[in-house]
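# Descriptive analysis of the structure
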Amino acid sequence: MSSAANSATDRSAYVIVGGGLTAARAVEGIREHDAKGSIVVVTEEDRLPYERPPLSKGVLKGDDEVDSVFTHPEAWYADQDVELRLGDPATSLDADEHVVTLRSGESLSYEKLLLATGSSARALDAPGADLDGVLYLRELQESMALKEAFADGARVVIVGAGWIGLEVAAAAADAGCSVTVVEPQAAPLLGVMGEQVGGWFADLHRSHGVTFRFGEGVSRIEGTERADAVVTTTGERLPTDVVVVGVGITPNTGLAQGAGLEVDNGIVTDARLRTSADGVWAAGDVANWESTTLGTHVRVEHWANANDGGLAAGRSMAGADVTYDPVPFFFSDQYDVGLEYAGHVPRGSGAEVVLRGEPSSNEFMAFWVVPEGDGVRVLAGMHVNVWDTIDAVQQLVRDRTVVGRDRLADPAVALDQLTS
Ligand SMILES: Cc1cc2nc3c(=O)[nH]c(=O)nc-3n(C[C@H](O)[C@H](O)[C@H](O)COP(=O)(O)OP(=O)(O)OC[C@H]3O[C@@H](n4cnc5c(N)ncnc54)[C@H](O)[C@@H]3O)c2cc1C
């Protein structure tokens, strides 16, 4: 799929490193403003850029075709005059010389570079974690392997009750597996949701037959060649056919670090997604960008940030006057529950939760608020199956609106009427 070699003397207008949604959207953003500049996309995975949310949902459950995950067909890249270097990752960056070196040894010289290297799944640090049957979920083939492993009746132990752990639990339970989730904290998603809403997630999964072991970590995984049991930190032995690890991700900052770019919880950028190095941008999971609205840098590990951040970075690279300033947003689907969340709750903010509606109905909203003036200010909000509300939540966050706590909690008061 690659074409003529691009030597260091043959400079590309744009080089994009990364094979995810951010990289694909960046191509679109560039082409909106620059129809002709040469673009090279360099990927580590040996496939076209694709979207990951279906890997823990439609593809894992068999509802979506594998081919549906790709952001564009191969012909689109040819139409956009994009040169693809698939499966040949960048191994070093010389930001002074504007040169990226690939694993194959080839050097690519660029005028403008986008680092869209995303994140990698964090490895489980426990004896036996390298046994066969201990699986992760970040890449397409891992989703396909899990789907196969969830043959009806399999015993599945999931390590970690974060978003990946919960979505995988839902897919496994739907496939008829017996599912146990081991989580050291007291509830799922505790850091983001707090105990009350986290507890609702636990109840949702329990109602589908999932067992939780909260307050327990993994002491070791047993098996001769294949994992056959997870031993928890309380000494409990959980026999299993497959272990799925979902203990978080780490941004792929190695290239940037090696080149001396500013890295602090991701590659640090300004609001135009420019890094500390001349001619180098970063976006998507790997970027810690300056949010004007939030007044702080944020790194967001979600689909919308890859989609919108990739577009914004492409436009910015092509010379458009861009300020990337979304209210962070994500979604999740588990069983018959769909949710959307918008906002940002800084660690240590002391935010309290205000509920709107009855969680047990599986149709409710939750807001994370801090006291201000006579009322509260909304830092973030989420709906569960209450559709067409997330724009109003984003507006409340963006405008830093102070609202009455009781009105916020009252489903009879429209979200855009809270202050009237
Ligand atoms: C299973 C799963 C389900 C998800 N579900 C949701 C969801 O429901 N809602 C939501 O909001 N978000 C979800 N997400 C998160 C969302 O998919 C990510 O935020 C998004 O994929 C980030 O896109 P990205 O392009 O920045 O990075 P990535 O998708 O991580 O892509 C980065 C790419 O760059 C490549 N790369 C890395 N280093 C190099 C290098 N040196 N050279 C070349 N290429 C390199 C990687 O191999 C990878 O292909 C999910 C993620 C996963 C894994």
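For the structure, see preceding data.
Per chain, the residues get numbers from 1 upward, laid out in the order the sequence is written. Per-residue local features of the predicted model are confined to residues with pLDDT of at least 70, and side-chain atom pairs are confined, for both listing and counting, to 80 or more; whole-chain, interface and lining totals are unaffected and use all residues. To get the side-chain values, all heavy atoms of the structure are used, and hydrogens and water are removed first.

## Details of the packing of helix α1 (residues 21-33) against helix α8 (residues 303-317)
Inter-axis angles, ranging from 0 to 180 degrees, are taken between N-to-C directions of lines fitted to C-alpha atoms, where helices are fitted over the stretch in contact. Comment: elements are numbered from the N terminus, with helices defined as DSSP H or I runs of at least four residues and strands as E runs of at least two. Between α1 and α8, the shortest axis-to-axis distance is 6 Å and the interhelical angle comes to 35°. Handedness of the crossing formed by α1 with α8: right-handed. Judged by residue contacts, L21, T22, R25, A26, E28, G29, I30, E32 and H33 of α1 engage W303, A306, N307, G310, L311, G314 and R315 from α8. Under the scheme applied, nonpolar residues are Ala, Val, Leu, Ile, Met, Phe, Trp, Tyr, Cys and Pro; charged residues are Asp, Glu, Lys and Arg; polar residues are all the others, including Gly. A breakdown of the residues in the contact of α1 with α8 according to their chemical character gives 6 nonpolar, 6 polar and 4 charged. Two helices crossing with the near one rotated counterclockwise from the far one by less than a right angle form a left-handed crossing, whereas a clockwise rotation gives a right-handed crossing. The contact definition used throughout considers only heavy atoms, calling two residues in contact when any of these lie within 4.5 Å.

## Notes on the site of the ligand
Contacts to the ligand come from 35 residues, most closely from T22, E45, R52, K57 and D285. At 3.3 Å, a backbone N or O of L21 approaches an oxygen atom of the ligand. Accessible surface area values rest on a Shrake-Rupley calculation with a 1.4 Å probe, where residue burial reflects the displayed protein chains alone. Against a free-state accessible area of 1,000 Å², the protein chains account for coverage of 94% of the ligand. Elements that contribute at least two residues to the shell around the ligand include exactly α1, α5 (163-174), α8 and β21 (329-334). Per-class residue counts for the shell around the ligand are 15 nonpolar, 12 polar and 8 charged. For this purpose, a residue is taken to be near a molecule or strand whenever a single non-hydrogen atom of the residue falls within 4 Å of it. Throughout this description, a polar contact denotes any pair of N or O atoms lying within 3.5 Å of each other; where both atoms belong to protein, one of them has to be capable of donating a hydrogen while the other can accept it, and for residues adjacent in sequence the pair is counted only when both atoms sit in side chains.

## Details of unusual backbone geometry
Residue L273 is not a glycine yet carries a positive backbone phi of 70°. Mapping L273 onto the fold places it in the loop between β17 (267-268) and β18 (280-282). Phi at D388 is positive, roughly 65°, even though this residue is not glycine. Take D388: its relative accessible area is 80%, and that puts it in the exposed class. A simple rule labels every residue: compare its accessible area, found with a 1.4 Å probe on the protein chains alone, to the largest value its type can have, and call it buried under 20%, exposed over 50%, or partly exposed in between.

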